[in-house]
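Architecture and fold: a report
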Amino acid sequence: LFSHVRIDHAGDVEADGTLPMTVPVEEGKFRTVGLGVRYDSTLGAGGGASWEHRNVLGGGERFRIRGDVAEPGYAAGLLWREPDFLRPGYTLSYSAGYETEETTAYDIQRAYTAVGLEVPLGDTVVTTGGVTLEWTPVETKARDTDTGERDQDDTFLLLGFPPSVIRSTTDS
């Protein structure tokens, strides 16, 4: 959240052995816009855009909206991250989105939502637990040779409880 941080110290050490310091900081921009284009030899051309605010309510909350368009379909989604949720160090995250994909074999739609809680275990390990819900109708384009009707169309409703454990010893 800072664009500049500088540490200044007094010229002399105090009688008690301490060295007075000042740390002037300058806040960085809270909003970010992202744009991208791409080409894939299998899927063709595509592009995406995103907008993010990194301090929505003044406590380091993060809100991100993204969109993506490509030859086989499109996607849109949002993300909310709430630091220090319930207690310091815990982070609540919420995401939701919608995607479509059209291929020669099938058409698919996907709507999803997820909520999770990140909990630190010491200085190097973070655990995450949460719940996801996904609704996915799939239309096949294959046809029964006798009737001409589609072989199979299905709708899937998936409920998940994805856990994770991440260990990081980066010095940042």
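Up top is the structure these notes are about.
A brief look at the structure comes next. It should be emphasised that the depicted structure is a prediction, and the values quoted were computed from it without experimental measurement.

The rules behind these values
- Residues numbered from 1 in each chain as written.
- Predicted model: local features only at pLDDT ≥ 70, side-chain atom pairs only at ≥ 80, totals over all residues.
- Heavy atoms only, no water.
- Helix = DSSP H or I, 4+ residues; strand = E, 2+ residues; numbered from the N terminus.
- Buried < 20%, exposed > 50% of the residue type's maximum accessible area, 1.4 Å probe, protein only.
- Contact = heavy atoms within 4.5 Å.

Observations concerning the environment of Asp12
Here Asp12 shows up in the loop between strand E2 (8-9) and strand E3 (21-22). Judged by relative accessible area, which is 61%, Asp12 ranks as exposed. When sequence neighbours within four positions are dropped, the list of residues in contact with Asp12 reads Leu19 and Pro20.

Structural notes on unusual backbone geometry
One non-glycine residue, Asp84, lies in the positive phi region at around 55°. By the secondary structure assignment, Asp84 is in the loop between strand E8 (73-83) and strand E9 (91-102). Its identity is not glycine, yet Leu86 carries a phi of approximately 70°, on the positive side. Structurally, Leu86 can be placed in the loop between E8 and E9. By relative accessible area, which is 72% here, Leu86 ends up exposed.

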